[in-house]
Amino acid sequence: MADDTVVVWDEGLLAYDMGDHPLDPVRVELTMALARELGVLDRPGVRLVKPEPADDALLTRVHDPAYLDAVRSAPRDPLFAGFGLGTSDNPVFDGKHEASALIAGATTAAAEAVWRGDARRAVSVAGGLHHAMPARAAGFCVYNDPAVAIARLLDLGAERIAYVDVDVHHGDGVQEVFYRDPRVLTISLHETPLALFPGTGFPDETGGPGAEGTAVNVSLPPGVGDAGWQRAFHAIVPSVLRAFRPQVLVTQCGADGHRKDPLADLHLSVDGQRATYRALRALADELCDGRWVATGGGGYALVEVVPRAWTHLLAIATGEPVDPATLTPPGWRELAARRRPGHDVPLRMTDDVDPSYQPWQPSGEPNAVDRAVAATRKAVFPLLGLDPHDPRD
């Protein structure tokens, strides 16, 4: 296997543009610009690959044909309604099918490169549209590119695929598609569905008949910061992945858990997000011979957070992490100020937060994070042959 990293990118991916909408493609544009100016994309072994749109045969591995027809026809029909389209979350725009299919094609190209050994790791920063359902758009997502890419990996012969979702919202669409498939493990850490869209992702959602234990949900209370997030992540994710023994790791790396994100209530920092990405790469190295497919996802602090978080992701995937003390390049600051006037343009790649944490223990007076950890471990660990009370598991 080549020890290279594929970054799937083309400016055509910016066409997934719903107008005056939180999911603004400028966040992806600024991410790629920042990574380029910091030299991340010019590292040895990094290859930029131009994606092709996913065709109907690929999309219908996940989505209903009637839904594809609806996405295609909606822009031509001013009275169109249905399939979750034409709402404030998922407004119709010209070229909606083509833009959505290109994102699905990009994430699938990343997965194919890793599975076929063309690269050890691959990143599709425009991807991560994890809420789309087989016959319905949801949560800003039209086609579920992580699910499409996972379906393609199964077709190519993968037998055990792990999907880890660290977006602030539950990865409901991916879980739904594979809820009854024991070959796919889905893990989602998210703000509690009692407080946040989509209202799913409770600990007792553990997989359908024949796939018990292959859905894992960590439901965190509002206000959790880096220490609590890291404590929960490390109390659940490594143990579950080691028990499942995946051949490839697919991750959705939404940046909307950040304290500045306007659509959610967790209090993470860029430094904490960077630590999570490092942990994900280490787990891919340990368990999957390095095979790691990473996507973007949510993130609505368009200038302040997302470009820095995903540049850290790209750096970790392509080699050495970027030093948090690194200054953002002046040229990038000028671009960000020009593209989004009035936003605070960050001067450094850090929020000056120490993301260290105390490992979870089953004893003592539990706080809200520990109760969330205990609920998940109690629900799913026995299904995987693990002891919910043993911190070594």
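Everything below is about the structure shown above.
Summarised in this report is the structure supplied together with it. Just so it is clear, the structure is predicted and the values come from calculations on it, not from any experiment.

### Considerations on the pairing of strand β3 (residues 121-124)
Logical step 1: Because side chains alternate across β3, one face comprises the buried residues Arg-121 and Val-123, and the other comprises Ala-122 and Ser-124, equally buried.
Logical step 2: For strand β1 (residues 5-8) and β3, the ladder comprises three bridges, and the chain directions are parallel. When the bridges of β3 are listed, Val-7 appears paired with Val-123.
Logical step 3: Of the strand pairs in this sheet, β3 and strand β8 (residues 292-295) are connected by four bridges, and their pairing is parallel. Bridging from a neighbouring strand, Ala-122 pairs with Val-293 of β8.

### Notes on the packing of aromatic side chains
Two aromatic rings are characterised by how far apart their centres lie and by the angle between their planes.
Logical step 1: One pass over the full model with this rule turns up four aromatic pairs.
Logical step 2: A connected cluster of aromatic rings, assembled from ring pairs, spans Tyr-67, Phe-83 and Tyr-143.

### Re the pattern of salt bridges
Logical step 1: Overall, the coordinates contain 17 salt bridges when judged by the stated rule.
Logical step 2: For Arg-231, the salt bridge goes to Asp-370, with nearest N and O atoms at 2.6 Å. You can see Arg-231 sitting in helix α7 (residues 226-244) and its partner Asp-370 sitting in helix α11 (residues 368-380), a full 139 residues away along the chain.
Logical step 3: On the basis of relative accessibility, which here comes to 8%, the residue Asp-370 falls in the buried class.
Logical step 4: Three or more residues are tied together by salt bridges with common partners; here these are Asp-3, Arg-120, Arg-121 and Asp-289.

### Regarding the sheet that holds β3
Logical step 1: The strand order β2-β1-β3-β8-β7-β4-β5-β6 describes an open sheet built from eight strands, whose pairing is parallel. Two strands in the sheet have a free side with no partner beyond their single neighbour: β2 (46-49) and β6 (215-220). The sheet shows a mean angle of 15 degrees between the axes of neighbouring strands, taken without regard to direction.
Logical step 2: Across six bridges, strand β5 (residues 184-191) lies against β6 in parallel orientation. What sits directly across from Glu-191, in β6, is Leu-220.
Logical step 3: Running at roughly 175 degrees to β5, α7 makes contact with β4 (161-165), β5, β6 and β7 (248-252) of the sheet.

What counts as what
- Residues numbered from 1 in each chain as written.
- Predicted model: local features only at pLDDT ≥ 70, side-chain atom pairs only at ≥ 80, totals over all residues.
- Heavy atoms only, no water.
- Buried < 20%, exposed > 50% of the residue type's maximum accessible area, 1.4 Å probe, protein only.
- Helix = DSSP H or I, 4+ residues; strand = E, 2+ residues; numbered from the N terminus.
- Pairing = 2+ DSSP bridges.
- Phe/Tyr/Trp six-rings, centres within 6.5 Å; stacked < 30°, edge-to-face > 60°.
- Salt bridge = Lys/Arg side-chain N within 4 Å of Asp/Glu carboxyl O.
- Axes fitted to C-alpha atoms, helices over the stretch in contact; angles between N-to-C directions.
- Contact = heavy atoms within 4.5 Å.

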